[in-house]
Amino acid sequence: GQNIDQPTEMTATEGAIVQINCTYQTSGFNGLFWYQQHAGEAPTFLSYNVLDGLEEKGRFSSFLSRSKGYSYLLLKELQMKDSASYLCAVRGNTDKLIFGTGTRLQVFP
Amino acid sequence: DSGVTQTPKHLITATGQRVTLRCSPRSGDLSVYWYQQSLDQGLQFLIQYYNGEERAKGNILERFSAQQFPDLHSELNLSSLELGDSALYFCASSSPPGELFFGEGSRLTVL
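Being a predicted model, the structure only gives us computed values, none of them experimental. (Residues numbered from 1 in each chain as written. Chains lettered and ligands numbered in written order. Predicted model: local features only at pLDDT ≥ 70, side-chain atom pairs only at ≥ 80, totals over all residues. Heavy atoms only, no water.)

1. Some details on the overall build of chain A
A count of helices and strands for chain A gives 0 helices and 11 strands. Overall, chain A shows an N-to-C arrangement of helices and strands of β-β-β-β-β-β-β-β-β-β-β. By the compact-globule yardstick of 13 Å for 109 residues, chain A fits well, its C-alpha radius of gyration being 13 Å. On the principal axes, the C-alpha backbone points of chain A span a range of 40 × 30 × 20 Å. By residue count, 49% of the 109 residues in chain A fall in the buried class. Restricting the contact set of chain A to residue pairs at least 6 apart, pairs at least 24 apart contribute 56%. Within the structure as shown, chain A displays about 5,200 Å² of accessible surface, and the carbon and sulfur contribution to it stands at 48%. Placing the 9 positive and 10 negative side-chain charges of chain A at their respective mean positions leaves the two points 4 Å apart. (Helix = DSSP H or I, 4+ residues; strand = E, 2+ residues; numbered from the N terminus. Rg over C-alpha atoms; globule rule 2.2 N^0.38 Å. Buried < 20%, exposed > 50% of the residue type's maximum accessible area, 1.4 Å probe, protein only. Contact = heavy atoms within 4.5 Å. Areas by Shrake-Rupley, 256 points an atom, 1.4 Å probe, with all protein chains shown as cover. Lys, Arg positive; Asp, Glu negative; His and termini not counted. Charge placed at Lys NZ, Arg CZ, Asp CG, Glu CD.)

Below, the structure written as structure tokens:
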């Protein structure tokens, strides 16, 4: 089976840096994805890791350690619009993506 | 705009009824996925189709069924609706092993 854990809620201040962790246990591994979802809206793709290491894309970076079953999403220079849920998802042996329950991030001025 | 189109956007119906949700994938994507998201819950995987064939199945209830047609659009049928079926239903498409692109969702309210 598959199990994905991430914190339920986090808060941070505008301009700061926040790290959202994700741990997973899966049957096989074919990539880890991070999505952003604003309330009532569709999830939008942020990043993809399939090899160990850090992937940087603007203010957002994502890290993967396959041996530890661990990933994090790093958000820099936080803006109010970054207040959203951040979903960690893993692709195992099949094409389907299994999502964690998401981390709700609130950014305060 | 993800390129994935879902209809209807909103649907209100009564318990015991049946509804059909429709999804048109991005041009060129052969895979279609259906997810259910209840209030303040995560995305629950329901089912995946690839080029018309069922590829993977999640915790989809027997009252629910889906199919993908030759033109690659997909439909999710929900029958004998219960109050607990009220949720956002998302369709996504992809060209594996790439990322999933999500539609805007169909919000179902069962009264």
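2. With respect to the state of the cysteines
Going through the model one piece at a time under the given rule, you end up with 2 disulfides over all chains. Paired through a disulfide, Cys22(A) and Cys88(A) show a sulfur-sulfur distance of 2.0 Å. Its torsion about the S-S bond being -70°, the disulfide of Cys22(A) and Cys88(A) is classed as left-handed. Placement of the pair is Cys22(A) in strand S3 (residues 18-25) and Cys88(A) in strand S9 (residues 84-91), with a sequence separation of 66 residues. Each member of the pair, Cys22(A) as well as Cys88(A), is classed as buried. In this model, Cys23(B) is linked to Cys91(B) through a disulfide, with the two sulfur atoms separated by 1.8 Å. Measuring the twist about the S-S bond at about -55°, one finds the Cys23(B)-Cys91(B) disulfide to be left-handed. Placement of the pair is Cys23(B) in strand S3 (residues 19-24) and Cys91(B) in strand S9 (residues 87-94), with a sequence separation of 68 residues. (Disulfide = S-S within 2.5 Å.)

3. Quick notes on the environment of Tyr35(A)
Along the chain, Tyr35(A) falls in strand S4 (residues 32-37). The exposure class of Tyr35(A) is buried, given its relative accessible area of 0%. Ignoring anything within four residues of it in the chain, the contact list for Tyr35(A) reads Pro43(A), Thr44(A), Phe45(A), Leu46(A), Ser85(A), Tyr86(A), Leu87(A), Leu97(A), Phe99(A), Glu99(B), Leu100(B) and Phe102(B). Polar side-chain contacts of Tyr35(A) include one of 2.7 Å to the backbone oxygen of Leu100(B). (Polar contact = N/O pair within 3.5 Å; in protein donor to acceptor, adjacent residues only side chain to side chain.)

4. A short note on the nonpolar core
Judged by nonpolar contacts, the single largest core of 39 residues is most densely connected at Trp34(A), Leu75(A), Tyr86(A), Phe99(A), Leu105(A), Tyr35(B) and Phe102(B). Of all the elements, S9(A) adds the most residues to this core, at 6 residues. Those residues within four positions of Leu75(A) in sequence are excluded, and the remaining contacts are Ala16(A), Ile17(A), Val18(A), Ile20(A), Arg59(A), Phe60(A), Asp82(A), Tyr86(A) and Leu105(A). By size, the runner-up hydrophobic cluster in this structure holds 20 residues, among which are Cys23(B), Val32(B), Ile60(B) and Ala87(B). (Core = buried A, V, L, I, M, F, W, Y, C linked by side-chain atoms within 4.5 Å.)

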